[in-house]
Each structure stands twice: as C-alpha cells, then as structure tokens.
Amino acid sequence: MTLFLAENAVILGTDDEKYWPLMPPLPSYGYGREHPGPRYGSLIHGQNLKDIVITGHNGSIDGQGKTWWEKHRRRLLNYTRGPLVQIMWSSDIHISDITLRNSPFWTLHPYDCTNISIRNVTVLAPLSEAPNTDGIDPDSCENVIIEDSYISVGDDGIAIKSGWDQYGIAYGRPSTNILVRNLIVRSTVSAGISIGSEMSGGVSNITIENLYVWNSRRAVRIKTSLGRGGYVRNITYRNLTLDNVRVGIVIKTDYNEHPDEGYDPKAIPIIEKISFTGIHGQGVRIPVRIYGSQEIPVRNITFRDMSVGITYKKKRIFQCSFVHGQVIGRIFPAPCENLDIYDEQGKLVKQALSHNSTEIADYEF
C-alpha cells in the first residue's frame, strides 16, 4: 500500500472536529491521554497493516492545527486530540520525502509497530503556542530507524514512548532497537529528543547519533517518575552538537503526571547503562542536569569526549543527584563529584566522594 505525494501536493485536514472520527483510547494509556473516554482519530490512520509506504516528492500533509491548539487551551474539546499520522499494530513501514506540518497533537505516531524506516522527512509546527506537537513518537515499537530529517516543533522533536503507568505496565510492549541519526532538531519548549515520560513498558537499545540541536530549551532528555515502572537502559548518545541550548543533557525522575489515581507509587522505573560520547557545542547554559533520587537512582552512566562552551558563569553547572557512573578522560566543564574519573587507559584517577550527593542548583532556564 503506497501513498505518494507529488511536489506541491497537500493533504489538508479539516479544522472542524465534528468531522473527525472518534476512536477507543490507546490500551497502554488507560482512559485517555487528555480526557477520559474516546479520542479523535488521525488525518492519516492505519492499523493491522503490512508493507506500508508513505513517500513522494516532498508533498505535504497539513493538519491545520491552530484551531485545535486554541480550543485545547480554552478547554473546549471533550476528547483527546489525535495525531496527524498514526499507524498501529503494523509492520514494514517506510515513510520518506514528505513534509508533515501543523498537527493537532503528536505529529507522526507509530504505535506497537515493527520494522519502521523514516527518512528525509520534514516535520514543522510553530515553536510556541502549539501544545504537544511532538515530531515523531515511536511508541512500543521495535526495529526503527529515523534518519536524515529536519524537525522544528512546539514540543519534543522525537519522544520515544511505551505506555503510561499501570496501563503501560499491563500492556507490556517495550520500545527497543531504535536508531536515530543525522537529524537537525529545534524545540524551544521541550527537548530535541526525549525518552518518556510514558515509558512504562520499557525502553532499551536506543542509539542517538549525529544530532544537531539549535536554539532550543533542551537537547536530550530522559523523563520518568514514581509510578511509571518499566526501565530505560542501554541508551547510547554519540556525536551531539548543541548550539545555543539552555540545558544540554537532562535526566528527570519527578515528572509527576499520571493517568488517574490508580497508579502504583511503588512501581519504580530503572534507569541504567547510559553513555554520552562526543558531546560538543557552544552557547549552553547548563550542560548536564541529572535529577536522580533516592528511590530512582541513575546507574552506570558514562561521559567521554565532552567539550561544551558555556554561557553561565555559575558554579555547579554540571549538576547531579543520586548518580552512579564514570567519566573517561578529560571533559569540559568539570563533572560533578558523584562520578568516578578514569584516564583514557582505564585507570582510576579519582573516586566519587558520594554517589548520592546533590548538586542541583535552582537556576532559571
């Protein structure tokens, strides 16, 4: 099945919600992401499919999201907004050489799919006042490659997800084996690439490389909280360039947004085996901010080959709490005291004073 968009072709979504079909809530999100009950469908939707191609000569799919964003802010919608393009329970998906713009909600949302290739795609939404317009959100997906694309949106450029709290735990489908490379991303509201916060089915074996994030609030972020359960592990960041970014690397463990009161606060996520290599840039206020906690420590994190030009003349701009890990070789700025320091030959140079010390300063970003 192929959808081909010729040059200058536009598929335009109506901005009158009464013409959008209602669908059941996603099973891994409970009763609804924004409202309990049904959700609006997507402009382009498919499920239980195989061998899907959406391509062209850079034609566009435009969701005309402005009306949706305004109604959402004014609380005039009774149902959760729908993504621009959503493909569910499908396999062997190829999306390339198109532009996606002005989604009512998340833009491109593969859900519980396998074998996905997304290449040479442009995703656009206003940088402000376009709530939740994530660019590409692989959700409980396996074997995914996203490459050679440009994303400038009003929320996360990419957000890797796998379900929300008890519903994601019960659904039990992880996102795994995902490669993201050769991207230019801008997000002044959220982050270039995020993992979570809905990660209750687990997220593992993710590689993010050759990423350029510019004029953005954050570059890369992992976000979770008590009640999520699941895990984030075996995550590799390599060759990241940060250009005028407020906060470079963020790990946040108190992202306390839950579907309902039925979540289990004893469902504790695991964050471990995360590496950062080749992190460079300029105009960065806070290069690293890792919010581990006593309940959710961040374990086995590694930094190597990092040199970031900073704009904040403050102490503690490499910020950590409840972090276990290591630095290999010299990096700039100097790391927090939670991390062991090794030379390039693997010899221990300085042992962490305490893995649990808190060096999070309350600076404005």
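Whatever comes next refers back to the structure up there.
Keep in mind it's a predicted model, so treat the numbers as computed, not measured. (Residues numbered from 1 in each chain as written. Predicted model: local features only at pLDDT ≥ 70, side-chain atom pairs only at ≥ 80, totals over all residues. Heavy atoms only, no water.)

(A) Structural context of empty space enclosed by the protein. Enumeration according to the criterion identifies one cavity of 30 Å³ or more in this entry. Taken as a whole, the largest cavity spans an internal volume of roughly 110 Å³. As for the largest cavity, its lining consists of 15 residues, and the residues nearest its centre are Leu26, Arg33, Arg39, Thr80 and Phe105. Within the lining of the largest cavity, the residues separate by chemical class into seven nonpolar, five polar and three charged. (1 Å grid on protein atoms, 1.4 Å probe; cavity = no way out; pocket = protein on both sides within 12 Å on 5 of 7 lines; lining within 4 Å. Points joined across faces, edges and corners; volume = space filled by probe spheres on them. Nonpolar A, V, L, I, M, F, W, Y, C, P; charged D, E, K, R; others polar.)

(B) Representation of the pairing of strand β21 (residues 318-321) in the model. Along β21, one buried face is formed by Phe318 and Cys320 and the opposite face, lined by Gln319 and Ser321, is buried too. Relative to β21, strand β19 (residues 286-291) runs parallel, the two being bridged by four bridges. In the sheet register, valine 288 faces β21, and the bridge partner there is phenylalanine 318. (Buried < 20%, exposed > 50% of the residue type's maximum accessible area, 1.4 Å probe, protein only. Helix = DSSP H or I, 4+ residues; strand = E, 2+ residues; numbered from the N terminus. Pairing = 2+ DSSP bridges.)

(C) Region of interest: the state of the cysteines. Considering all chains together, one arrives at one disulfide under this definition. Across the disulfide, cysteine 320 is cross-linked to cysteine 336 (sulfur-sulfur distance 2.0 Å). Looking down the S-S bond of the cysteine 320 and cysteine 336 bridge, the torsion is -80°, so its handedness is left-handed. In this pair, cysteine 320 is assigned in strand β21 and cysteine 336 in the loop between β22 (323-328) and β23 (339-342), connecting sequence segments 16 residues apart. Considered together, cysteine 320 and cysteine 336 belong to a single accessibility category, that of buried residues. You can see cysteine 141 has no disulfide; the closest cysteine sulfur is in cysteine 113, sitting 4.9 Å from it. According to the relative accessible area criterion, cysteine 141 is buried, its value standing at 0%. (Disulfide = S-S within 2.5 Å.)

(D) The layout of surface pockets, seen in detail. Counted as a void, the largest pocket has a volume near 410 Å³. What lines the largest pocket is a set of 23 residues, and nearest its centre among them are Arg33, Phe105, Asn132, Asp155 and Glu257. Breaking the lining of the largest pocket down by element, the ones donating at least two residues are α1 (66-73) and β16 (203-223). Of the residues contributing to the lining of the largest pocket, the split by class is five nonpolar, five polar and 13 charged.

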